[in-house]
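Reading the structure
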Amino acid sequence: RLSPRHSSPPRVTASGDSCPPMVRFKNRYLTAEFNWHDGRVDDSLTETGLVGVLRKEMSVNFGDVGGGFFLGSMSLKYWNPVTGLAVVRVGRDIYRQVWASLTLLREINGRAVAVQVTHCGSTLGSSQNAAISRSEIRFDKLLKRGVMPGGERAGAKNTQDASRVIQALQP
């Protein structure tokens, strides 16, 4: 007989004991834009550095417990320092806290920054599409402002490269 909470029959172990069905871990994918107040393109912030900044910000805003939750269910799936675009995978239970920490982030390595979460998706595919469209917009803005390293030709190549990298992301 099925219990009201589970749609599948309980599993039975080799010893004859029943155990609840397996539950998968559900994620949220946050696409965030890092807008530097000085407007410079700087690729000195690496993925490892960004994860450290996010972990520290979670600890500041939500204490040691928040920082611990963050470590267990977070991974940085994509980071492009030229466009300032990131895709962060977090557990569904803490994505609001991570979103708040990203929004409250004001400074990284002495540079003023405003972080805006532009997309929150439950699948990597929806976040990939959002990241590709935002990446194209960001490269166009950099070209118009004249701060794209390598000029217009590099901008077109970087847009294609970024799209290819984003499409290759694995959950």
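Calculation criteria
- Residues numbered from 1 in each chain as written.
- Predicted model: local features only at pLDDT ≥ 70, side-chain atom pairs only at ≥ 80, totals over all residues.
- Heavy atoms only, no water.
- Helix = DSSP H or I, 4+ residues; strand = E, 2+ residues; numbered from the N terminus.
- Buried < 20%, exposed > 50% of the residue type's maximum accessible area, 1.4 Å probe, protein only.
- Areas by Shrake-Rupley, 256 points an atom, 1.4 Å probe, with all protein chains shown as cover.
- Lys, Arg positive; Asp, Glu negative; His and termini not counted.
- Salt bridge = Lys/Arg side-chain N within 4 Å of Asp/Glu carboxyl O.
- Contact = heavy atoms within 4.5 Å.
- Pairing = 2+ DSSP bridges.
- 1 Å grid on protein atoms, 1.4 Å probe; cavity = no way out; pocket = protein on both sides within 12 Å on 5 of 7 lines; lining within 4 Å.
- Points joined across faces, edges and corners; volume = space filled by probe spheres on them.
- Nonpolar A, V, L, I, M, F, W, Y, C, P; charged D, E, K, R; others polar.
- Core = buried A, V, L, I, M, F, W, Y, C linked by side-chain atoms within 4.5 Å.

Here we come to the overall build of the protein. Summing up its helical and strand segments, the protein has four helices and seven strands in all. Mapped from its N terminus to its C terminus, the protein presents α and β elements in the order β-β-β-α-β-β-α-β-β-α-α. Among the 171 residues that make up the protein, the fraction classed as buried is 39%. Summed over its atoms, the accessible surface of the protein is roughly 10,100 Å², and 52% of this surface lies on carbon and sulfur atoms.

Its location among the elements puts Arg28 in strand β3 (residues 27-36). For the buried Arg28, no salt bridge exists, and the shortest N-O distance to an oppositely charged side chain is 9.6 Å, to Asp93. Setting aside residues no more than four positions away along its own chain, Arg28 makes contact with Val88, Arg89, Val90, Arg92, Tyr95, Cys120, Gly121 and Ser122.

Read across the open sheet, the five strands follow the order β4-β5-β3-β7-β6; overall the sheet is antiparallel. Of all the strands in the sheet, the pair left with one neighbour each is β4 (75-80) and β6 (107-108). Looking at chain direction, β3 and strand β7 (residues 111-121) are connected through eight bridges and run antiparallel. Residue Thr31 lies in a different strand from β7, and its bridge partner there is His119.

Our focus in this paragraph is the layout of surface pockets. Its volume calculated, the largest pocket comes out at about 210 Å³. Looking at the largest pocket, it is lined by 15 residues, and the ones nearest its centre are Phe34, Asn35, Arg138, Leu142 and Arg145. Elements with a contribution of two residues or more to the lining of the largest pocket: β3 and α3 (124-145). Here the residues of the lining of the largest pocket sort into six nonpolar, four polar and five charged.

For β4, a buried count of six out of six residues is recorded, marking the element as mostly surrounded by other parts of the structure. Where β4 lies against strand β5 (residues 85-91), five bridges are found, and the strand directions are antiparallel. Note that in β5 the partner of Ser75 across the bridge is Arg89. In this structure, the hairpin formed by β4 and β5 is closed by a connection of four residues, where Gly84 is found at a positive phi of approximately 70°.

A few words on the nonpolar core. Ranked by internal contacts, the top residues of the largest apolar core, which has 25 residues, are Phe34, Leu50, Val98, Leu102 and Ile108. Contributions of two or more residues to this core are made by β3, α1 (47-73), β4, β5, α2 (95-104) and β7. Broken down by element, this core gets its largest block of residues, five residues, from α1. For Val98, the contacting residues outside a window of four places in its chain are Leu30, Met58, Phe70 and Val90. By size, the runner-up hydrophobic cluster in this structure holds six residues, among which are Tyr78, Leu85, Val87 and Leu124.

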